[in-house]
Amino acid sequence: MDFTIPFSTAAEAVGAEVIRCKNREQAIAYLLDQLKGSVLCPDFASGKRIGLVEKLLQAGVKPICSDFRMQAASAAAGITGANFGIANTGTIVLESSDEATRLASTLPEQHFILLDPAKIVSDGIAAVPHLRDLHQRDARNYIAYITGPSRTADIERVLTIGVHGPKRLHILLVSGISSDFMEN
Amino acid sequence: MDKNRSQKYKARIDQALATPKLQQALHQFGDAYLLSREKAFIGHDFEALRSQIAEMKDDVREQLDHYLDEFCRNATAAGATIYHAATAEEANDYIASLAVAKGAKLAVKSKSMASEETHLNVALEKAGIQALETDLGEWIIQLAGQRPSHMVMPAIHMFKEEVAELFSKETGRQEPAEIQHLVEVARQQLRQGYLDADIGITGANIAVAETGGIALVTNEGNARLTSTLPKTHVVLVGIDKLVPTLEDAARIVQILPKNATGQLLTSYVTWIRGAVPCGETSKDLHIVLLDNGRRKLAASPDCRDALRCIKCGACANVCPVYQTVGGHVFGHIYIGAIGIILTAFYNGLDQAAELVRACIGCRACVAVCPSKIDLESIILSLREQVGDEEGIGLGKSLVFRKVMRNRKLFHSLIRAASILQKPVSRGERTIRHLPLFFSSLTEWRTLPTVAEKALRDQFDDLAQPLENPRYKVAFYGGCANDFIYPELGVDLVTVMNKLNVLVRYPKEQNCCGVPALYSGDKETAVAMAKQNIDALLKDDPDFVLTTCPTCTMALQRDFVEHLADDPAWAERAKRLAAITVDAAGFIVNQLQGADAFKELPGSEKVTYHDSCHLKRGAGVWREPRALIEAAGDELIEMAHADRCCGFGGSYSFTSHPDISKNILNDKIKDIEKSNADCVAMDCPGCLMQIRGGLEKQNLPTRALHTIELLAQKLRR
Ligand code: SF4
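Within any chain, residue numbers begin from 1 and follow the written order of that chain's sequence. The naming scheme follows written order: chains are lettered A onward, ligands numbered 1 onward. Whole-chain, interface and lining totals are the exception, using all residues; otherwise, since this is a predicted model, local features are given only for residues with pLDDT of at least 70 and side-chain atom pairs are given and counted only at 80 or more. Computation of side-chain values: all heavy atoms of the structure, hydrogens and water removed.

Chemist: Pulling in residues and values, what's your account of the overall build of chain B?
Modeler: Counting secondary structure elements, chain B contains 37 helices and 22 strands. Taking 27 Å as the expected radius of gyration for a compact globule of 716 residues, we find that chain B reaches 28 Å, a close match to that expectation. C-alpha atoms of chain B, sized along the principal axes, occupy 95 × 60 × 50 Å. The cut-offs for exposure are 20% and 50% of the maximum accessible area for each residue type, with area from a 1.4 Å probe on protein chains only; residues under the lower value are buried, those over the upper are exposed, and the others partly exposed. Here chain B holds 716 residues, and the buried ones make up 63% of them. Should any heavy atoms of two residues lie within 4.5 Å, those residues are counted as being in contact. Counting contacts in chain B only where the partners sit at least 6 residues apart, residues at least 24 apart contribute 77% of the total. Throughout, the Shrake-Rupley method with a 1.4 Å probe supplies accessible areas, and for residues the shown protein chains are the sole cover considered. Of the roughly 26,700 Å² of accessible surface on chain B, 51% is carried by carbon and sulfur atoms. Here a strand is any run of E in DSSP of at least two residues, a helix any run of H or I of at least four, and the numbering for each starts at the N terminus. The globule rule is 2.2 Å times the number of residues to the power 0.38, and the radius of gyration it is compared with is taken over C-alpha atoms.

Chemist: Explain the packing of aromatic side chains residue by residue, including any values.
Modeler: What counts as a ring pair is set by centres within 6.5 Å for rings of Phe, Tyr and Trp (its six-membered ring), and what kind of pair is set by the plane angle: stacked under 30 degrees, edge-to-face over 60, tilted for all other angles. Under the defined criterion, the tally for this structure stands at 13 aromatic pairs over all chains. On the numbers, 5.1 Å between centres and 70° between planes, the contact of Phe41(B) with Phe46(B) is edge-to-face. Of the two residues, Phe41(B) and Phe46(B), neither departs from the other in class, the shared state being buried. Arranged with centres 6.2 Å apart and planes meeting at 85°, the rings of Phe647(B) and Phe653(B) form a pair that is edge-to-face. One aromatic cluster is present, built from ring pairs that chain together Phe459(B), Phe475(B) and Tyr505(B). Only lysine NZ and arginine CZ atoms are considered, and such an atom sits over a ring when it is within 6 Å of the ring centre and within 35 degrees of the ring normal. The aromatic ring of Tyr142(A) is capped on one face by Arg102(A), whose charged end is 4.5 Å from the ring centroid.

Chemist: Tell me about the sheet that holds strand 12 (residues 284–290) of chain B, and please be specific about residues and values.
Modeler: All names here are of chain B. In this scheme, strands are said to pair when DSSP sees at least two bridges between them. The strand order across the open sheet built from 6 strands is 1-12-7-4-2-3, with neighbouring strands paired in parallel fashion. The open sheet has two edge strands with one neighbour each: strand 1 (81–85) and strand 3 (130–133). Between one strand axis and the next, the sheet turns by 20° as a mean value, whatever way the strands run. Where strand 1 meets strand 12, 5 bridges bridge the pair, whose relative direction is parallel. Here an axis means a line fitted to C-alpha atoms, over the contact stretch when the element is a helix, while the angle between two N-to-C directions is reported on a 0 to 180 degree scale.

Chemist: Tell me about a negative patch on the surface, residues and numbers included.
Modeler: Residues and elements named next belong to chain B. Patch construction takes residues with relative accessible area above 30% that form no salt bridge. Like charges are linked within 9 Å, and nonpolar side chains (Val, Leu, Ile, Met, Phe, Trp, Tyr) are linked within 5 Å. Within this document, salt bridges are pairs made up of a side-chain nitrogen of Lys or Arg and a carboxyl oxygen of Asp or Glu, the two lying within 4 Å of each other. By the counting scheme adopted, Arg and Lys are positive, Glu and Asp are negative, and His together with the chain ends is not counted. One atom stands in for each charge, and that atom is NZ of Lys, CZ of Arg, CG of Asp or CD of Glu. Together, Asp2, Asp350, Asp388 and Glu389 make up a negatively charged patch on the protein surface. Note that glutamate 389 resides in helix 20 (residues 375–390). The exposure class assigned to glutamate 389 is exposed, which follows from its relative accessible area of 61%.

Chemist: Lay out the nonpolar core in plain terms, naming residues and giving numbers.
Modeler: Residues and elements named next belong to chain B. Judged by nonpolar contacts, the single largest core of 122 residues is most densely connected at Phe71, Trp271 and Ile338. The residues contacting phenylalanine 71, other than those within four sequence positions of it, are Ile82, Ala207, Val208, Ala209, Gly212, Gly213, Ile214, Leu242, Ile287 and Leu289. In terms of nonpolar packing, the next biggest core, distinct from the first, is built from 50 residues, Met496, Phe543, Met638 and Leu687 among them. The term nonpolar core refers to a set of buried residues drawn from Ala, Val, Leu, Ile, Met, Phe, Trp, Tyr and Cys, joined through side-chain atoms within 4.5 Å.

Chemist: Please set out empty space enclosed by the protein residue by residue, giving values where relevant.
Modeler: Only protein atoms enter the calculation, which uses a 1 Å grid: trapped sets of points that fit a 1.4 Å probe without letting it out are cavities, open sets showing protein on both sides within 12 Å along at least five of seven lines are pockets, and any residue with an atom within 4 Å of a point is a lining residue. Grid points are joined across faces, edges and corners, and a volume is the space filled by probe spheres set on the points. One pass over the structure, following the stated rule, counts 9 cavities of 30 Å³ or more. Considered as a void within the structure, the largest cavity measures approximately 140 Å³ in volume. Forming the boundary of the largest cavity are 15 residues, of which Thr89(A), Gly124(A), Val253(B), Gln254(B) and Leu265(B) lie nearest the centre. Grouping the constituent residues of the lining of the largest cavity by class yields 8 nonpolar, 5 polar and 2 charged. Side-chain classes are defined by residue name, with Ala, Val, Leu, Ile, Met, Phe, Trp, Tyr, Cys and Pro counting as nonpolar, Asp, Glu, Lys and Arg as charged, and the others, Gly among them, as polar.

Chemist: So what about the site of the ligand? Which residues, and what values?
Modeler: A cutoff of 4 Å decides nearness: a residue is near a molecule or strand if any of its heavy atoms lies inside that distance of it. Lining the immediate environment of the ligand, one finds 14 residues, of which Cys309(B), Cys312(B), Gly313(B), Cys315(B) and Cys369(B) sit closest. Considering only residue class, the shell around the ligand consists of 11 nonpolar, 2 polar and 1 charged.

Chemist: I'd like a rundown of the domain arrangement of chain B, residues and numbers included.
Modeler: Residues and elements named next belong to chain B. What marks off one domain from the next here is an automatic or database domain assignment. Domain parsing of chain B yields domain 1 (3–17 + 294–390), domain 2 (41–290) and domain 3 (392–716). The C-alpha-based centres of domain 1 and domain 2 are spaced at 23 Å. Counting from both sides, the interface comprises 32 residues of domain 1 and, opposite them, 35 residues of domain 2. With both sides pooled, the region where domain 1 packs onto domain 2 buries about 3,000 Å², and carbon together with sulfur makes up 55% of that total. The interface formed by domain 1 and domain 2 contains 5 salt bridges. Residues aspartate 65 and arginine 295 are paired through a salt bridge, measuring 3.0 Å at the closest nitrogen-oxygen approach. Mapped onto the side of domain 1 that touches domain 2, the elements with two or more residues apiece are helix 13 (294–298), helix 14 (314–317), helix 16 (336–347) and helix 19 (364–368). Grouping the amino acids of the side of domain 1 that touches domain 2 by side-chain chemistry returns 18 nonpolar, 7 polar and 7 charged. Accessible surface is computed with a 1.4 Å probe, and the buried area is the amount of it that two parts give up when combined, taken over both parts together.

Chemist: Which residues make up the sheet that holds strand 20 (residues 634–636) of chain B, and what values go with them?
Modeler: Residue and element names in this part refer to chain B. Taken in spatial order, the 4 strands of this open sheet run 20-19-21-22, and their pairing is parallel. At either margin of the open sheet sits one strand with a lone partner, and together these are strand 20 and strand 22 (702–705). Looking at each pair of strands side by side, their axes are set apart by 35° on average, direction ignored. Contacts between helix 33 (residues 622–630) and the sheet are confined to strand 19 (605–608), strand 20 and strand 21 (678–681), with strand 19 contributing the most and set at about 175° to the helix. Where helix 37 (residues 706–715) meets the sheet, its contacts fall on strand 19, strand 21 and strand 22, and the angle it forms with strand 22 comes to roughly 95°.

Chemist: Outline the environment of Tyr33(B), listing residues and values.
Modeler: Residue and element names in this part refer to chain B. Within the secondary structure layout, tyrosine 33 lies in helix 2 (residues 20–40). According to the relative accessible area criterion, tyrosine 33 is buried, its value standing at 2%. Each C-alpha atom of the pair tyrosine 33 and glycine 262 lies 6.4 Å from the other, and the pair is 229 residues apart in sequence. Apart from the residues lying within four places of it in its own chain, the contact partners of tyrosine 33 are Asn259, Ala260, Thr261, Ala314, Asn317 and Val318.

Chemist: Could you give an account of the side chain of Glu117(B), with specific residues and numbers?
Modeler: Among the structural elements, Glu117(B) can be located in helix 6 (residues 113–118). A polar atom in the side chain of Glu117(B) sits 2.5 Å from the side chain of Tyr334(B). Side-chain atoms alone can form a polar contact between residues adjacent in sequence; in general such a contact is a pair of N or O atoms within 3.5 Å, and within protein one must be able to donate a hydrogen while the other accepts it.

Chemist: Requested: an account of the interface of chain A and chain B, with residues and values cited.
Modeler: On the chain B side, the residues contacting the 48 residues of chain A number 68 residues. Summed over both sides, the interface of chain A with chain B buries roughly 4,900 Å², with 54% coming from carbon and sulfur. The largest contributions to the chain A side of the interface with chain B come from Ile155(A), Arg157(A) and His164(A), which together make up 17% of the buried area. In this structure, the connection of chain A to chain B is made through 5 salt bridges. In this structure, Glu109(A) engages Arg187(B) in a salt bridge whose closest nitrogen and oxygen atoms are separated by 3.9 Å. At the junction of chain A and chain B, the tally comes to 36 residue pairs in polar contact (both at pLDDT 80 or more). Of all the secondary structure elements, the ones that give two or more residues to the side of chain A that touches chain B are helix 6 (99–106), helix 7 (128–137), strand 9 (141–146), strand 10 (151–152) and strand 11 (160–161) of chain A. It is strand 9 of chain A that contributes the most residues to the side of chain A that touches chain B, 6 residues altogether.

Chemist: Help me get a handle on the packing of helix 31 (residues 583–590) of chain B against helix 33 of chain B, residues and values and all.
Modeler: Residues and elements named next belong to chain B. Interaxial distance between helix 31 and helix 33 falls to 8 Å at its minimum, and their mutual angle equals 75°. Classified by the angle their axes make, helix 31 and helix 33 are roughly perpendicular. Contact with helix 31, carried on its side by Ala584, Gly585, Ile587, Val588 and Asn589, involves Glu623, Pro624 and Leu627 of helix 33 and no other residues of that element. Split into classes, the residues belonging to the contact of helix 31 with helix 33 amount to 5 nonpolar, 2 polar and 1 charged. To sort the angles, those under 35 degrees are grouped as roughly parallel, those over 145 as roughly antiparallel, those from 65 to 115 as roughly perpendicular, and the leftovers as oblique.

Chemist: Which residues make up the pattern of salt bridges, and what values do they have?
Modeler: Overall, the coordinates contain 47 salt bridges over all chains when judged by the stated rule. With a closest N to O distance of 2.7 Å, Glu99(A) and Arg69(A) form a salt bridge. Separated by 30 residues along the polypeptide, Glu99(A) in helix 6 and Arg69(A) in helix 5 (residues 68–72) bring together distant segments of the chain. Given the relative accessible area of 29%, Arg69(A) is considered partly exposed. With a shortest N-O distance of 2.4 Å, Lys102(B) and Asp284(B) are connected by a salt bridge. Taken together, the residues Lys102(B) in the loop between helix 5 (88–101) and strand 2 (106–109) and Asp284(B) in strand 12 connect sequence positions 182 residues apart. Salt bridges sharing partners connect three or more residues here, namely Asp58(B), Arg61(B), Glu62(B), Asp305(B) and Arg308(B).

Chemist: Outline the pairing of strand 4 (residues 77–80) of chain A, listing residues and values.
Modeler: Within a regular strand, the side chains alternate between the two sheet faces. Residue and element names in this part refer to chain A. Residues Ala77 and Ile79 point to one face of strand 4 and Gly78 and Thr80 to the other, with burial holding for every one of them. Inspection of the sheet shows strand 2 (residues 39–40) paired to strand 4 by 2 bridges, in the parallel sense. Of the residues in strand 4, the one forming a bridge with valine 39 is alanine 77. Relative to strand 7 (residues 110–115), strand 4 runs parallel, the two being bridged by 4 bridges. Along strand 7, the bridge assignment pairs isoleucine 79 with phenylalanine 112.

Written out as structure tokens, the structure is:
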């Protein structure tokens, strides 16, 4: 089943920016247009597949590919893949035991995510078998469900975006970059 | 009773009541919450979801050690270190010693109610370690030197101006009181903390036995930073957070944000298992499993359902008492209805002794609890315990034991009261002012007088010319019908006769025992249950009718519970419960009789007030509305129709009249705004409260019992 539309609707409803890319080039073009300053680029399968780092370099953007701890605090953005999406809440599931992935998705003000729309399940219950697969593959896990940008309502219950985590969450839907729920 | 403690508690109430801004904020929040919650659950079957949660949580409670073992085995295999803390002190000592051993100077914390429960920050400071709260609300509270007043939104009682002042002190600049700006200040100020901290401390919303991992359900992103940047991660988690499988965890994740804040899902759900990579090495992960009263709670048959709690905070969001006085009064560390119960077990019954009386018993919390906890019943049973331990006060105890149990004495005293009240009632049906120290009781509502002739003394004179009645029913009047509103009993006969139903009034009936029960005197309540069962079943009626939902619940539920273990009475209690039904429900459901009131003359704008025990106890709310509409009146829904009116029996007279008054004023405002000519309801208690409030404010809106409304039409 194609969950692209319900996924996009739900993600946008919580403040994520969903970009439905026709092809890889369009995704790269969007990134280049948006990226300013240094960007954390942890190693991830779908990124490799589209030659992300090389393309950024060619365009004059300086991706950070190592030494994440030192550089994370000052980076303007992070780019990661996604293991899969959850349609009814507009959620990205990101296996981030790899510390670089975690830093790229928590510290910078902007987080860009590449998701193949073929990897979207209907709801949180349908996500569990995949969640279990990840637990069975790895002995240790840090798995993030990410739904929209960071938010708080702690002052006078007024919804405010971007407290400790990313202030902007861009989800780029790109077909054909990954079909494996176990990779991101 | 502890006089000093009570006085301090009363002072806190007074202080909260003198802060209208707080009340306004909590009311607004309550309204917004209900709307977004409703939206969030569209397409979901809340009843089914909460039954699943309840069942799963009960299974964990029953097999706690089995699941704990499984959790610990899996967590240890993944490189975590487990510590079992029996008490708060043990948990604090472990964490503080760990921090000292690591030479830690700074610990960053994400929000953890368990750490509030153990006062971990104090323990850390004592050991020379600075604890920095990073959740925005918690940080505000920490800077203010306060404690949370809500489990999900700790700083809900504070305003942006206060926050700006606190932040200005931190930054040394004058920070403007703009929310977006203040959030940004927090981001900047706390950022360095994560990078500098030696230890990150989090709680956990869920601990999954299947994996040995935990889940954190958060919005801000601070828990992700807290669990990622420092080299050591300490998880402090109550053993009640355990679930068997990932599916169970997913179900909690599904219901928790919807019920907590009306969000479909929080920004982040983070599943952490084991010692994940951290810089060049792996994380040093310690999981402290906290008991601190949880096993004691599991062992209490009357209270153990409270362990199902998933800490969504909803029971506070909808609570009229919470909305009136806030979490610093209505709570200890945990707040709201669940807070009363957890305080009793985690901090001791004496800490909860005042709070158990602060619940007005409206069951609003029971209706929204995602874990299907009957919070009201548990609070009642705790009230009983406090009653047993501390006594319920000599005066009350005498009234209940010596007077109410002796029906004849009780009833003759009430008759005497009808004569004694003459000087203040001046022969009218309501008392507008009481003299001397009783005066505060009539400052905000008039009070009805005791009727000159009780229903029981006039019932036999009522002609009921029915040749071949469809049913013979016994009417259980309860004290209010019998002695205060006998005319309502007469009206019931009029209405029932119209439907060809013969009404009898068994004279040996006595008070339903709820006043005694709510005051913590169960023994009296049981004695009265027996008297009433005898009286009501005597002539083998087809049904027993009630006009008071509190009595209905006593007959339908409480008597059965009181006598379940008494073989001589259990069956008869069940029999009575099976044939007891409230009058409106009886007309609509048993008689299908609403049409009998069609085409009666006169039409008014009528708004309906749902009595707590009728809607959320007996499940009746459509029926009276159907009757009002059938009778040709225009039904206008007021806002918050099912919010408590603040009566609560002795709650409004003796225990918490000031809170009662505030809740009544909310109700009167809603009635006024509806522009109705008349407000109908199905409870003499609500009638006393609402009619009294309307009269005292000289408002023209009439307050009527639905049965009165029908009878008046029939008589026209
Ligand atoms: S008792 Fe129920 S409503 Fe209250 S916090 Fe716990 S789960 Fe939520």
